[in-house]
Structure formats: C-alpha cells, structure tokens
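# An overview of the molecular structure
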Amino acid sequence: MENLLYIALFAPLVSSLFAALFAQSQKNLLVGIVASLLIGVSFVASATLLLELAQNPKAIHANLMDWIVVGDMDVRFGFTVDQVTAVMMTVVTLVSTVVHIYSNYYMEHDRSYNRFFSYLSAFVFSMMVLVMSDNFLGLFIGWEGVGVCSWLLVGFWYHKKDETRDVNPSISPSWAANEAFIMNRIADLGLLVGIFMIYWNLGTLRYEEVFAHLDQLSHGLMVAIGIALFIGAMGKSAQFPLHTWLADAMEGPTPVSALIHAATMVTAGVYLVIRANPLYSTIPEVGYGIAVLGTFVAIFAASMALVNRDLKRVIAYSTLSQLGYMFAAAGLGAYWVALFHLAAHAFFKALLFLGAGNVMHAMHDELDMFKMGGLKKEMGKTFLYMGLASLALSGIYPLAGFFSKDTILEVAFNEHTYGIWFVLWLTAGMTAFYSFRQVFLVFLGDERYKKYGIHPHEAYNWVFIALAPLAILAVIFGFWKEEFMHFATQMLPVYEMSEHTHHMVWILIIVTTAIAVSGILLAYFKYAKGLKRDPKVENSFAYRLLSNQYYIPILYENAVSKPYADLSNIAWQAIDMKVVDATVDGIAKTIEKGGDVSRQAQDGNLSSYLKWLTAGLILVTLIAVASVAIK
Amino acid sequence: MSNILTVLIFFPLVAGLFGFMVNQKSIRAYGIAVAAAEFLLSLWLWMSFDTSAAGMQFVEKLPLIPEFGINYYIGVDGISLFIVIMSTLMTLIGIVALSIKENLKNMIITLLFLEVTMVGVFASLDVILFYLFWEFSLVPMLYIIGAWGGPKKLYAAVKFFIYTFAGSLVMLIGILAFAYLYHSQTGTWSFSLTDWYALLLPFDAQTWLFWAFFLGFAIKVPMFPFHTWLPYAHGQAPTVGSVILAAVLLKMGTYGFVRFSLPLFPDASVAYIVPVAIISLIMVVYTAMVAYAQKDIKQVIAYSSISHMGVIVLGTFAMNVEGIAGSVFLMLSHGIVSGALFLLVGVIYDRKHTKMMDQFGGLAYSMPTYATIFGIMTMAAVGLPLTIGFVGEYLSLAGFFKVSPVLTVIAGTSIILGAVYMLTVLKKTFFGPITHEENKHLPDLDGKELWALVPLVAIVVWLGVYPKPVLGPIDNSTKALVQLMHEKAQTDLAKQTISVSKNSAKEAK
C-alpha cells in the first residue's frame, strides 16, 4: 500500500522533472505523452487506494523522512491516505489526467509546450502533497507549492504587455499572476499563525495528535485557531474579500483555469476546513460565520456572472459561487456534503472550462460572448459537453449537480438557517440563468462572429474521447451519493437530517428545481433567439456595478496598491534619504567641521599657543576650585 | 590533524602572500585553486566534526599575552561551523564568478585576506582575537569598494568603514569594561569567551554592556536606523564585494548577538526584547517598503537584505531553541540566497552596464536559464517551502511567536511584502514584451556564471528539502546555549522567558 501511495505522490514529480529537461527545446510530443501517462499512473494508484479503502477502511500511513527537527519541533514528511484524502487524490488526479491529455490539443502550437507540461505536472505534485500530508506544515508545503505553480501558469504567456482595465480587466498575465500570489500570501500569513498557535499549545503539528488533544485548548484559543486557519482557506479558495485574483487568473491558458482555478487548487481551502472538522465541530459559531460568508460569496459572485461578457470570467465567477456553496455546507457541519459537492463540481466545472477552451480555439482566442453565437452548427460536440456541464451546474436532475447542490440546500434548511437557505436557493436560480445565458450566447442565435471574419472549427475527435470521463461523471456521479456518504463518513462526522426535513425533502426539491428551470427558461427567452442589446440596461447603475465587479479591483488599487507605492516612495526618499541618512552625514560633517575649527589652534604661531595655554590653565583652575567648592 | 582550524584560518593568508609572486595570467586559476582548497578544508572540518556534541570542537589555545589572559583561542561549535563553511563557499563562488579585468591579482589577494578575517571572526573564542579579526575584516572590504567600485566609490567605502568602525569602538569599550569586571570579580584577567560565560553580572552592568555590544553589532547587521551605509556600499561595490558583504560580513553582527549578547547578558537580553523587537519590525516592514520603491535591482536586493536581517534578529531574541536555531539557519540561507541574487544582478550589469529595471523587461525570452535561476532564488528569498529560505524564516517567526504573537504577526508581513518587491522585480525585468531592442540578443549565462550559480541552486533545494545535516548540529549547540542562558539567568523574567527545550532538559545531566 505504501508503494501505491508513493507512486501516486511522486509520478507527477517525475513527470514535471522529465518535462523540465526539455523546457528550453523545441516542442516535443513525447513530453506531452509521457507527462499524461505519468499523471494517469498517479490516477490509477489513487483510485486503487480509494477502492482499497472502501474494502478495508483503515488509513494508510507513510513516513518518508525528517524535515524540520529543532528544539521540540519534529516535522516529518509524513503522508496519510484516509477516506478524505483518497477522494481528493482521485478527483485531483482524474481531472489532472484529462487536463494533461487535453493540453496536448490546446497547447499544440505553443512554443513553450514542454515548459507548460513541466509546470502543470509540478502543480499536480504540489496538490498531492497538500492533500496527502499528515501534518499542517506538510500541507503548507503543498499550499505554497500550488501557489507558485499557479503563479507560473497564470503568467505563462509572460510576454504580453500590461493593458488598462478597460482593454483587459486582468491587465496582463504577469500582473494577474503577481496579484494571485500576493493575495494568497496575505491569507497564508493567517494559516501560518494558526500553525504557530497549534504548535505552541499542543507541541505537535500532526493532524492525528492535534485533533486528539483538542480538549487541552481553551475555547477562545480554538476560536482563534479556527479563524486563523480559515483566513488561509479564504485566500486559496478566493473568498471575499480576497476574491479578485481568481477572475484575473483567467489570463492563464484555459487548461490551467480548468484544473487549478476551478477543479482543484481553489478547493484547497474547503479541504482544509473539512480536514480540520474536529476543530470546527467544537466551535460552531466560527462554522456559522464560515457558512454565512460562503453564502454571501455564492450570491455575490453569481451576481457578477449575470452580466459578464467574458467567456472565462463567467465560469470563474461561477466557480467562486460554487466554492461559497461548499463553505456553506462545511460551515454548517455537513462536511461530507461539502466534499461531495467539491468532487461533483470538479468534474462538471472542468468539463465546462475545457469546452470553453474549444470555443476559444475556434474563435481565435476571442473571449467576448457578444461576438459569438450560433456555434452549435460548427461545434455540435462541444455544445453537447458544455450543455451537459451547464445542466449539472444548474442542478438539474439527474445530473451530478442536482444531488450535491440540493443536499446543501437541504442542510441549510435542516439547520433552520432559513436565510442561508433562501440566498442559496436564489443563487441556484441565478446560476441556471448565467450558465445558460452563456450556452445560448455562444451556441445559439445569430452568428455574430462572421462579422469579425472568424472561421470556427471543431476540436479533434480524440479530444472528446479524452473529455468523456468528465462528461460521464457529470451525468452519473450523483447516483453514488449514498455510497459516497457511507465511505466519507467513516472519517467525517455523520450528518443526520431531521424528520421534519425528510418530510419536506420533496417540496424542497421541487422548489429548487423550479427556480433553476425558470433561470434556464429566462435565459432561453432572452438569448436563444439572438442577442438584443438594450443600452438602457447596459448603462444602468446596477449593470455597470456588476460588470465592474462592484468596483472592488479599482478600490483595491486606489486604497491599497497605490497608497502602498506612494508610502514606499516616501519611506525611501523622504525618510531614509532625507532624515536617517542625512542625520548620519550631518554628524560626520559636524565632526569634520569641528576638526577644521580646532585645527586653527595648531597654526604654528607661538603667541597663540601661549594664549591657548593660559586659557587652559584658567579653565583647569576654575574646575578645581568649583569641584572643591561643591564638595 | 589537530590544528585543522588554524590551517583553515591562515592558509588563505599564506596563499595570498604567495599570490603576489604568481603570474598575472595564472592568478585567476591560482585564486580558484586556493579558494577551492580552503573550501574543501572546511568541508573536511565538517566531516571530522562530531555532530552529536554540542560544545566547542577543534579547540586550540596558545597564550599570547598571559599577563592579561589574552590567548590564541579558537574553536567551532554547531553554530559557527556552518557560517565558516558558508564563508569559504561564498569566497570560492565569488572568485569563480569574478568578471573584473583590471587589477585582478590585487582583487584575488584581497579576497583571500578577507577570507582569513571572516573565518577568524567565526572561529575565535578569545574576545581580543575576535575583535582583531572583526576590525581587520573592514580593511579588505574598504579596498574592494574603494578600488573597484562605481562612481561614488570613495564616499561609499569611507562611509562603510567609519560607520562600522565607530560602532566597533563602542563595542571595544564594552569588551574592556567586561574584562575589568571579570578581573574585579575573579582576581584574574581573562579574555576567553568560555571564562566569560561563567561570569554572573549584576543587571545594571549587564544593561550597559548589552547596549555597548549592541551598538557594534547593530551597525554591522545593519539595524535601523544605522543601516544607511549599506545601500551605498552595495550600490558602489563590485559584484563580488556585494556577495561577500551580504552573505558573510553582515552575519558577523547577528552572530555576535548569538555568541556574545545572549549568553553574556541573558537578563539584559530578555529585558530588552521589546525595544530590539521593535527595531527589528521596523527593519522588516519599513525596509521592505523602501525596497519596493527602488528602481535599481541591486538596491532592491540590498534593502531586502536589511528586511531579512530583521527576521534573523527577531529569531535570535525569541529566547527559545526554535527561534535561535532558526535564526542561525536563516543567516546561512540568507547568505546563500542574497549572495546568489547579487551574483545574478552582476550578470546583467556585466552585459548592459546598468542595473535599472526600466532598462529591461522580457528577459525571460532572451535569457531563459538566467530567468529560471533568478526565479528560483526569488522563491527562496520569499521563503517558499522546500527552498532553503523557508526553514529559517519559519523557525524564526515560530520561535518569536512564543514571545509575542502580535509582534510576530507584524513581522510575518515579511512573507507578503517580500513577495511584493521581489515579484515586482521579476515582472519588470523578466516579463512583458522586450522594450529595448538590444535586449533581444543578450547572451544567456556563460560557463563561468553557471559554475558559480548552479551549486547555489543545488544547495537551495537540498537544504530546503533536507535541512537536517545542518540543522541538527545547530540544534544541538543551540540547546546547550539556551540551557546555559537559563542557568545563568537571575531575574524571574529571564528565567521564565528563556525556554529550554524539553528534549535538552532530558539530556542534561
């Protein structure tokens, strides 16, 4: 078993290093094939471990070697595969395998094809470290590792220049990459502080030992740790107010958006909360706060998706919104439900994004949906896949999203947090609307792209075969809900719905499905027949507020980035140069001048020497007299 | 070979003197050979070092002025061993990477002399000997900046010299005062550090001496507000000067805190944690901001050094094994990383004779290998886990967290602000379109530069993934140090704050 664990963990690293060997040479198809195969190997190993755990529910531990051993701190490269890890590993490697294969198509003409695979596999490795580590610092390795890989991949097309926000709201790939890294670092400080608190109060960082000794901590301390860890989660999972980087991260190549910024990395925050469930279960007030924030992000992000014209940004906001759902579930104590939605979301969201990649290729990298339309004719298969994914995302029976999202709504209802339920319910309608607004704007209606001289073409057939696993899972994954629950709750707390909820379940399902279907219908009537733009609506305050992301990026720029730059300049030019350094030079000059002045005493003139001598004598006598007098 | 340490100190001196006779053409090979031999010698020292022992090893003691208890007294423990090895390594790398053409012979001989003083400082166990090496180290650096520097080289060199010299003089007064107190308590003269460790001083005396030593060390580190000599020195120094200055010379100050301030004045060190920590926080935050405002890449690295040194000082004053061992490790990692970064800046300076960021952009396209190594070193500088930079920074902050969570959170902004200025450098220099036509054809790293940089990359990854070979001995000696401080501490505050690790409490007899 340990061997399987190491194969699952290190196959992506081997893949990355192998690709790195060719980083500076011409495109080598072998790199893409070998990398995809190695990630596939990692998937097979992960899935085997998952099945093994299903048979024999005993976590597997492995201890690779010491890492940081100082004083009383003893941190090792220790790994564990339990039910939660196994689910994460399987989801991550499955989506990664598909994305790797897909990248052979998407990046086929890119001059940095080899480099791309090196980064992408490095990401998978970091993500595996993140989910497989058996201690908080090991998680932090993966946590920072995925951050760096995200930075490398968002900024992959580093040669593009900075634009103004009206031309490109993300400014440039390298700008977006830095924004993502720095914003994540802000949150990472929170995580690090949480780790410090755990270490100094429990003397260990291993999950097992930490969670076994939680009773040694005071309630206040647990709340503090819970909040600190969650701040870390907020960065990785792009929760408000650290959310702006995710939409900008769409500057990365689309396979990256699918893998990192939809299916896996952004769910790391949710994973952390799920992993720390023994902690959060004892501090329900923090959990409630998480749920409220998640709910807010769900509707907040969905609202921005309603009006956006950018193909990828819409999906990015939808990811943000779905992460909100996951946090709502986890915060309310339904950890397995959060994990279930995490997995289901990974499948259909990756599918949606990769479909969008096909559209982008067909459209020569045009992202404005207002310039698309009627693509169904040329791209039937992509339409099918994206349609399926959108149905799943909207929560339509019998697709995966129906089961996972509905369960979250049931949880909110069951907890008597009707406010949360209502907002999530409303968001479900918005989700259906913007998802199908996108599908209809792209695939139905008039062929607006013709004006721009674009000749779309469908992707290769093998691409659709590669995407098939995601499409199939997006359809059938929901039917495994019961099995999933049994498997996951061997590790996670069981979540019981009350009698009352059981009675209400059918009503809840109907109400939720009703709003989702109405969202789709509304989108159909507005967009399926062609795009009719209404300048009055587009110039309205609400529309502009939403399409400018509530002006938050501009606010951050004016309230944080610019003042920081100005303050830095003041610190350097006004304080460091004019005060600190000038003082030093001033002291030096005073001494130098003092030397000049006193040098005149030694002018070689005998009579002036006598004068100084007399003056000195008088001074000494005076001091002598004075000191006697004082005594 | 019992006097290996003496050989290690004086071999470069002898070799340097012989260097005067070496032919101008072969001086480069000669310099590399000597520095490599010295480096191998220091590795041998490590191999023969008993990693399980916490005390001083390779100790040699010969009387110099017996009447005053001044001895030729040297030795290394886990704390100094690796700083010695880093000094020899960085000297070797610096010589390998030398791109200077004029007066190459003088440069190499000067570097060898500088190496003598650096190894001497970290190996001295006699305070007078330490002070001599400490002051002598100024001279070669003064010469390096003054002779091979930029347009304002004389101003920078003199400022560096006088500023640090003034600080050292205050320290010298402290040293003499300590010796006098020692004499008045014990009736004998001694300048042996191990004797001094045994002396218990009243709190008032500790206070004055603590601050006298502090001033000497603080200017060297350099701590705010005594730091302004550093940007000038780096701005004017040739690449090799900056490498040695950042990697090794600055560490003399923080090493001084660990070797002198903490064990000699444990009560005063504890009592003044807060003012020292506040100065460190100013270093961390304020200089990170100043670094962000720079337009010259080398100045960014120079100010970032000060910022990182702030974290080191903070870790030192954590008064627990985690923090102190972490700060010692951070001294090493900062030496490697900042040395590498200065070498990297030197690479483009050699090609374009400018270090201004706005003269570059898009270099990742024309110099991919260079960009890759710069990227790795940047990640090490911002403390990415599995690079050498993380271990020390994490431990220093974790250690100080026990003293003050609030101050640690402020210091922790270093991981954010560090990313801000370093990623800005990367973005402006390496990314975006190539804006200057001539940058399209800049040659990537050549063989000499690769020979200098690739070993550093290897160390960055190796000690990031597996720091144990280095961290283990540091941990041992730090535990003994903290134990000593705890035993010596007289005030209740110090007894409580100095936290002996549970493991070492068990080992102590």
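Residues numbered from 1 in each chain as written. Chains lettered and ligands numbered in written order. Predicted model: local features only at pLDDT ≥ 70, side-chain atom pairs only at ≥ 80, totals over all residues. Heavy atoms only, no water.

### What to know about the overall build of chain A
Across its full length, chain A holds 25 helices and two strands. Along the three orthogonal principal directions, the C-alpha set of chain A runs to about 110 × 65 × 55 Å. Taking all 631 residues of chain A together, 61% fall into the buried category. Restricting to contacts in chain A with at least 6 residues of sequence separation, those with at least 24 account for 82%. Summed over its atoms, the accessible surface of chain A is roughly 24,100 Å², and 67% of this surface lies on carbon and sulfur atoms. (Helix = DSSP H or I, 4+ residues; strand = E, 2+ residues; numbered from the N terminus. Buried < 20%, exposed > 50% of the residue type's maximum accessible area, 1.4 Å probe, protein only. Contact = heavy atoms within 4.5 Å. Areas by Shrake-Rupley, 256 points an atom, 1.4 Å probe, with all protein chains shown as cover.)

### Points about the environment of Phe348 of chain A
All names here are of chain A. Relative to the helices and strands, Phe348 is located in helix α15 (residues 335-362). Considered as a pair, Phe348 and Ala389 are 41 residues apart in the sequence and their alpha carbons are 4.9 Å apart. If we ignore the near neighbours within four places in the chain, the residues touching Phe348 are Ala389, Ala392, Leu393, Gly401 and Ala474.

### Digging into a nonpolar patch on the surface
All names here are of chain B. Side chains of Leu13, Val14, Leu17, Phe18, Phe20 and Met21 sit close together on the surface and give an oily, nonpolar patch of about 600 Å² of accessible area. Counting through the fold element by element, Val14 comes out in helix α1 (residues 4-19). A residue is classified by how much of its surface remains accessible, and Val14, at 43% relative accessible area, is partly exposed. (Patch = residues over 30% accessible without salt bridge, like charges linked within 9 Å, V, L, I, M, F, W, Y side chains within 5 Å. Salt bridge = Lys/Arg side-chain N within 4 Å of Asp/Glu carboxyl O.)

### Considerations on helix α18 (residues 418-443) of chain A
Taking 1.5 Å as the rise per residue, α18 of chain A with 26 residues should run 38 Å; its terminal C-alpha atoms sit 37 Å apart, in good agreement. A positive backbone phi angle near 75° is found at Gly445 of chain A, which sits one or two residues after α18 of chain A. (Expected span 1.5 Å × (residues − 1).)

### Side note on helix α16 (residues 380-394) of chain A
Residues and elements named next belong to chain A. Taking 1.5 Å as the rise per residue, α16 with 15 residues should run 21 Å; its terminal C-alpha atoms sit 21 Å apart, in good agreement. Within α16, burial applies to Thr382, Tyr385, Met386, Gly387, Ala389, Ser390, Ala392, Leu393 and Ser394. Tucked inside the fold, the buried residues of α16 contact α14 (311-331), α15, α17 (400-414), α18, α19 (461-476) and α21 (499-527). Once α16 finishes, Gly395 follows within two positions and takes phi at roughly 80°, a positive value.

### Looking at the interface of chain A and chain B
At the interface, 55 residues of chain A touch 69 residues of chain B. Each partner contributes to the roughly 5,300 Å² buried at the junction of chain A and chain B, and carbon and sulfur atoms together form 71% of this total. When the buried surface of chain A facing chain B is broken down by residue, Arg185, Trp200 and Tyr564 of chain A rank first, second and third, together holding 13% of it. Taken together, the connections running from chain A to chain B amount to four salt bridges. Residue Asp162 of chain A pairs with Lys427 of chain B through a salt bridge whose shortest N-O separation is 2.8 Å. The interface formed by chain A and chain B holds 25 residue pairs in polar contact (both at pLDDT 80 or more) in total. Going through the elements one at a time, β1 (60-70), β2 (73-81), α5 (136-154), α6 (173-202) and α24 (552-599) of chain A are the ones with two or more residues in the side of chain A that touches chain B. The dominant element in the side of chain A that touches chain B, judged by the number of residues it contributes, is α6 of chain A, at 16 residues. Here the side of chain A that touches chain B is composed, by residue class, of 35 nonpolar, eight polar and twelve charged. (Buried area = accessible area lost by both parts, 1.4 Å probe. Polar contact = N/O pair within 3.5 Å; in protein donor to acceptor, adjacent residues only side chain to side chain. Nonpolar A, V, L, I, M, F, W, Y, C, P; charged D, E, K, R; others polar.)

### Topic: unusual backbone geometry
The omega angle of the peptide bond from Phe240 of chain A to Pro241 of chain A is 0°, so this bond is cis rather than trans. With respect to the helices and strands, the residue Pro241 of chain A is situated in the loop between α8 (219-236) and α9 (244-248). Backbone geometry places Gln549 of chain A, a non-glycine residue, at a positive phi of 55°. The residue Gln549 of chain A is located in the loop between α23 (541-547) and α24 in this model. Taking the relative accessible area as the measure of exposure, Gln549 of chain A reaches 7% and is therefore buried. One non-glycine residue, His353 of chain B, lies in positive phi territory at about 55°. Residue His353 of chain B is classed as exposed on the basis of its relative accessible area of 58%.

### Brief notes about the packing of aromatic side chains
Counted under the stated rule, the structure contains 86 aromatic pairs over all chains. Note on Tyr397 of chain A and Phe402 of chain A: the rings are 5.2 Å apart at their centroids and 90° apart in plane angle, and the pair reads as edge-to-face. Cation over ring: Lys352 of chain B sits above Phe360 of chain B, and NZ or CZ is 5.2 Å from the ring centre. (Phe/Tyr/Trp six-rings, centres within 6.5 Å; stacked < 30°, edge-to-face > 60°. Lys NZ or Arg CZ within 6 Å of the ring centre and 35° of its normal.)

### Some remarks on the nonpolar core
Counting 452 residues, the largest nonpolar core has Ile68 of chain A together with Tyr394 of chain B as the members making the most contacts within it. Broken down by element, the residue count for this core peaks at 21 residues, all from α15 of chain A. Setting aside residues up to four positions removed in sequence, Tyr394 of chain B forms contacts with Ile68, Met73, Leu137, Leu192, Ile195, Phe196 and Leu205 of chain A. (Core = buried A, V, L, I, M, F, W, Y, C linked by side-chain atoms within 4.5 Å.)

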